[in-house]
Amino acid sequence: MPEPLIGEHPSLRHVRKRIPHLAASGEPLVIVGEHGTGKSLVAEHIHAQSPFARDKLVTVDCTLLDDRDQLNLLFGDPSSERRSPLHRRRMVVIKNPLKGCDGFKDLLLNALNTGMAWNFRSRSYVPIAARVILILDSHPVSLQLTTTLDHRLAKALIQCRSITLPPLSKRKGDILLLTRHFIAALSGEEKGRVFRGVGSYGNPTKELRSLLLHHHWERNILELKAFIRRLIIEKPEDLLDESKQQAMTEAQIMIEGGRGFDVKAMVARIESLLVADAVRQNKGKKLTTSYLLGISRRSIHRYTSRK
C-alpha cells in the first residue's frame with residue numbers, strides 16, 4: 001500500500017473522499033499541483049483501489065526520457081513490436097505530457113480525443129484498455145504555449161476530469177501533522193533514532209515548530225520530508241553538531257520573524273562551537289588545531305572557554 005495521504009486541509013479531505021470513485025472510473029484524469037505536493041502519491045492511491053491494482057503502475061515521465069523512449073514506453077516499440085501499455089488493462093501515469101516531443105504529443109492528443117491508440121502490430125488504431133492519469137505541475141490555462149499542437153493538447157487536458165492539490169504554503173495546518181508522520185516513519189525504520197529539535201513522543205520543540213511554520217517550503221512536501229530526514233543524528237559524535245544547528249535555527253527563526261538580535265554574539269557562539277569541534281577532532285591538541293585554523297593557541301583557549 002502507498003504511504004497515507006496526511007493532512008486536514010479541506011481540498012485534501014475532498015481528494016481522499018473522491019479516491020474510491022476516481023479509482024472506479026475509466027476516464028482520463030488530470031492531477032495538477034506544484035512540484036512535491038504529492039501528485040504521484042494520489043495516483044498510487046487511485047491505482048491501489050482500482051481494478052488494475054494487481055498489475056504494476058506504469059509511469060512515463062516526459063521530463064526524464066528522450067524522444068524515442070517517450071514514444072516507445074507509451075505507444076510501443078515498432079522495432080520489437082512491443083505492445084503499448086495503453087492496449088492492456090493497466091493504469092498508466094503520464095507526467096508532464098506537454099514537455100514531450102511533437103510525435104508523442106500528437107499521438108497522445110489523438111488518444112485523448114478518440115479513445116484510440118496506434119498499434120504497431122495491427123498497423124491500425126485500437127481502443128485504449130488502460131486507465132490514463134496525467135500529471136501536471138501547472139494548470140494548462142496558466143502555461144505559456146507557443147505551438148498549435150501544444151494549444152490543442154492543452155485544450156484536451158482541460159476537458160478531462162481533474163483534481164488540484166494545494167501547495168504546502170496554503171496548508172500551514174498540515175505542516176506539523178506531516179512532520180510528526182515523517183518522524184514516526186523514520187523512527188520506525190530504525191529504533192533508537194535521535195532527531196535534532198525533537199522532544200519526547202516525537203514532538204518538535206518550540207523552536208523547531210516556529211521554523212517549520214515560518215519557512216517557505218518552495219518544493220512543498222518533498223522539501224519538508226528531506227528536511228526532517230536531515231534532522232537525524234546518525235552517530236553519537238554528531239551530537240555536537242546539534243548545538244551549531246540550534247544556534248543557526250534560532251538565528252533563522254529571528255530573521256524570518258522580523259526580530260532583531262545581536263549578530264556578533266550569535267557569530268561568536270557559532271565560532272566557539274566550530275573551534276571546540278576542531279579541538280575534539282584533533283584529540284585535544286590545541287597547537288595542532290591553531291595551526292590548522294590559522295589562529296593562535298591563545299585564541300583557541302579563548303574560544304573554548306566561552307560559555
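What counts and how
Residues numbered from 1 in each chain as written. Predicted model: local features only at pLDDT ≥ 70, side-chain atom pairs only at ≥ 80, totals over all residues. Heavy atoms only, no water. Helix = DSSP H or I, 4+ residues; strand = E, 2+ residues; numbered from the N terminus. Buried < 20%, exposed > 50% of the residue type's maximum accessible area, 1.4 Å probe, protein only. Contact = heavy atoms within 4.5 Å. Areas by Shrake-Rupley, 256 points an atom, 1.4 Å probe, with all protein chains shown as cover. Phe/Tyr/Trp six-rings, centres within 6.5 Å; stacked < 30°, edge-to-face > 60°. Lys NZ or Arg CZ within 6 Å of the ring centre and 35° of its normal. Salt bridge = Lys/Arg side-chain N within 4 Å of Asp/Glu carboxyl O. Core = buried A, V, L, I, M, F, W, Y, C linked by side-chain atoms within 4.5 Å.

Asks: Explain the overall build of the protein to me, please; I cannot follow it from the model alone.
Replies: Secondary structure assignment for the protein yields 12 helices and 9 strands. For the protein, the residues scored as buried account for 42% of the 307 residues in total. Counting contacts in the protein only where the partners sit at least 6 residues apart, residues at least 24 apart contribute 69% of the total. Summing over all exposed atoms, the protein offers an accessible surface of approximately 17,200 Å²; the carbon and sulfur share of this is 53%.

Asks: Would you take a moment to explain the packing of aromatic side chains for this structure?
Replies: Each aromatic ring pair is specified by the distance between its two centres and by the angle formed by the two planes. The tally for this structure, following the rule as stated, stands at 3 aromatic pairs. Ring geometry for F75 and F104: centres 5.7 Å apart, planes at 70 degrees, overall edge-to-face. One end of the pair, F75, is in helix α3 (residues 67-75); the other, F104, is in helix α4 (residues 102-114), with 29 residues separating them in the sequence. Exposure remark for F75: the relative accessible area of 2% places this residue in the buried category. Look at F104 and you get buried, because its relative accessible area is 0%. Here W217 and F227 contribute two aromatic rings whose centre-to-centre distance is 5.6 Å and whose plane-to-plane angle is 65 degrees, an arrangement assigned as edge-to-face. Remark: F227 occurs in helix α8 (residues 220-230) and W217 occurs in the loop between α7 (206-214) and α8; sequence separation between them is 10 residues. Note on W217: relative accessible area 5%, which makes it buried. Positioned over the ring face of Y303 is R302, at 5.7 Å from the centre of the ring.

Asks: Even after reading the chapter, I still don't get the pattern of salt bridges, so can you show me in this structure?
Replies: The final tally for this structure, using the stated rule, is 9 salt bridges. A salt bridge links E27 to R161, with the nearest nitrogen and oxygen atoms 3.6 Å apart. Taken as a pair, E27 in the loop between α1 (10-24) and β1 (29-32) and R161 in strand β7 (residues 161-164) lie far apart in primary sequence, 134 residues in all. Given a relative accessible area of 26%, R161 falls into the partly exposed group. Note that K105 is salt-bridged to D150, the shortest N-O span being 2.6 Å. In this pair, K105 sits in helix α4 while D150 sits in helix α5 (residues 148-158), placing the two residues 45 residues apart along the sequence. Both residues of the pair, K105 and D150, belong to the buried class. Connected through salt bridges with shared partners, the residues E8, R13 and R16 form a single ionic network.

Asks: What am I meant to see in the nonpolar core here?
Replies: In summary, soluble globular proteins display a tendency toward joint burial of nonpolar side chains. Grouped together as the largest cluster of nonpolar side chains are 27 residues, with contacts concentrated most on I94 and F104. Contributing elements (two or more residues each) for this core: β1, β2 (58-61), α3, β3 (91-95), α4, β6 (131-136) and α5. Ranked by residues supplied to this core, first place goes to α4 with 5 residues. The residues contacting I94, other than those within four sequence positions of it, are V60, C62, L74, F104, L108, V132, I133, L134 and I135. Among the nonpolar cores identified, the runner-up in size contains 19 residues, and L168, L176, I228 and L231 belong to it.

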